[in-house]
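Fold and geometry: a report
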Amino acid sequence: MSDQLRLYLSRQASTLPRYVGEQLLQSCFGWVPGLIGIGLRAIAYRAMMRMNGIVAIEDGVRIRFADNVRLGRGVYLDHGVYLHACPGGISIGDGSLVMKNAILHVYNFRNLPHSHITIGQRSLIGESCILRGQGGITIGDDVYLGTLVQVLAVNHVFHDTTRPISMQGITAQGITIGDGSWIGSGAIILDGVAIGKHVVIGAGAVVTKDVPDYCVAVGNPARVVRNLRTDPLPLEQLTMPVY
């Protein structure tokens, strides 16, 4: 086996037999549309990953390292979702939804100790979101991510001007998002950030620092503009254009 082929396979599954089995299952059942396909995958995919109760997986969902994926009861994976669950894996809690073309990508081939993506119960990952979990991403219960949100728990080292950035390594500190928070469309959450519970992040914000509980943060770089407990919104402003 050539080095290139060995490298490719090592990036797709835990072992060669698992690669063959996972690819075979997805080739046979991954394309079947509608309720029939959802039903077939709810049964057949139990052979390659952990599923608690009934799970709905649409056609066109791609899964790599399926043995590191854990799906709770009532999880929904929409068309075009891509899960790449290297060691550390991806765990999605009961009743959570991952919408069309979202990418959840752990991709830990540097033996990073905290790599994972963990999503709590009843949370929503919006269309075309990107989650990169090399440093670990923990999302709580009842969290909503709007469309095109990026949660990036990895960063490049670039201080050495004598070497290309691609050769200087990475840092991976991790990101947490607390229960009940709402991340507006197009927001970017950078590595090392902790977002508290019941936080609102405005659309398009770039979050580079921690955001405390019950706060609203907007802008680039994001800054806190309101604490919803000490400075609640007037009744006429209870609906905010942040999604």
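Residues numbered from 1 in each chain as written. Predicted model: local features only at pLDDT ≥ 70, side-chain atom pairs only at ≥ 80, totals over all residues. Heavy atoms only, no water.

Side note on the side chain of Asp-191
Relative to the elements of secondary structure, Asp-191 occurs in the loop between β20 (188-190) and β21 (194-195). At 11 Å, Arg-132 is the nearest oppositely charged side chain to Asp-191, a buried residue that forms no salt bridge. Only 2.8 Å separates the side chain of Asp-191 from the backbone nitrogen of Gln-173, close enough to count as a polar contact. Apart from residues no more than four positions distant in its own chain, Asp-191 is found in contact with Leu-152, Ala-153, Val-154, Asn-155, Thr-171, Ala-172, Gln-173, Gly-174 and Ile-175. (Helix = DSSP H or I, 4+ residues; strand = E, 2+ residues; numbered from the N terminus. Buried < 20%, exposed > 50% of the residue type's maximum accessible area, 1.4 Å probe, protein only. Lys, Arg positive; Asp, Glu negative; His and termini not counted. Salt bridge = Lys/Arg side-chain N within 4 Å of Asp/Glu carboxyl O. Polar contact = N/O pair within 3.5 Å; in protein donor to acceptor, adjacent residues only side chain to side chain. Contact = heavy atoms within 4.5 Å.)

Notes on the pairing of strand β25 (residues 223-227)
In summary, the side chains of a regular strand alternate between the two faces of the sheet. With four bridges joining them, strand β24 (residues 215-218) and β25 adopt antiparallel strand pairing. Considered in β25, the bridge of Cys-215 is made with Asn-227. Between β24 and the antiparallel strand that follows it, β25, lie four residues; Gly-219 among them carries a positive phi value of about 100°. (Pairing = 2+ DSSP bridges.)

What about the packing of aromatic side chains?
Enumeration over the complete set of coordinates arrives at one aromatic pair. Between the aromatic rings of Tyr-8 and Tyr-19, the centroid separation amounts to 6.4 Å while the plane-to-plane angle is 80°, which identifies the pairing as edge-to-face. Of the two residues, Tyr-8 is situated in helix α1 (residues 3-10) and Tyr-19 in helix α2 (residues 16-29); the sequence distance between them amounts to 11 residues. Relative accessible area serves as the criterion here: at 42%, Tyr-8 is assigned to the partly exposed category. On the accessibility criterion, Tyr-19 (18% relative accessible area) is buried. (Phe/Tyr/Trp six-rings, centres within 6.5 Å; stacked < 30°, edge-to-face > 60°.)

Digging into unusual backbone geometry
Of the consecutive residues Asn-220 and Pro-221, the connecting peptide bond is found in the cis state with omega at -5°. Structurally, Pro-221 can be placed in the loop between β24 and β25. The backbone of Arg-122 shows a phi angle near 60°, a positive value even though the residue is not glycine. Mapping Arg-122 onto the fold places it in the loop between β10 (117-119) and β11 (124-125). One non-glycine residue, Leu-148, lies in the positive phi region at around 65°. With respect to the helices and strands, Leu-148 occurs in the loop between β14 (144-145) and β15 (150-152). According to the relative accessible area criterion, Leu-148 is exposed, its value standing at 52%.

Concerning the environment of Ile-139
Following the sequence through the fold, Ile-139 ends up in strand β13 (residues 137-139). Given a relative accessible area of 2%, Ile-139 falls into the buried group. Considered as a pair, Ile-139 and Tyr-107 are 32 residues apart in the sequence and their alpha carbons are 18 Å apart. When residues no more than four places from it in sequence are discounted, the contact partners of Ile-139 are Thr-118, Ile-119, Gly-120, Ser-123, Ile-125, Leu-131, Leu-145 and Ile-177.

Thoughts on the nonpolar core
Ranked by internal contacts, the top residues of the largest apolar core, which has 53 residues, are Met-49, Leu-71, Leu-104, Leu-131, Leu-145 and Ile-201. Breaking this core down by element, the ones donating at least two residues are β4 (69-71), β7 (90-92), β10, β13, β18 (175-177) and β24. Discounting chain neighbours no more than four positions away, the residues touching Ile-201 are Trp-182, Ile-183, Gly-184, Ala-187, Ile-195, Val-207, Val-211 and Ala-217. (Core = buried A, V, L, I, M, F, W, Y, C linked by side-chain atoms within 4.5 Å.)

Focus on the pattern of salt bridges
Summed over the entire model, instances satisfying the criterion amount to six salt bridges. Asp-160 is the partner of Arg-163 in a salt bridge, and the nearest nitrogen-oxygen pair spans 3.1 Å. For the salt bridge of Arg-226 with Asp-231, the shortest nitrogen-to-oxygen distance reads 3.3 Å. Asp-231 gets classed as partly exposed once you look at its relative accessible area, which sits at 38%. Here the residues in one salt-bridge network are Arg-18, Glu-22 and Asp-67, joined through shared partners.

Just geometry here; none of it tells us what the structure is for.
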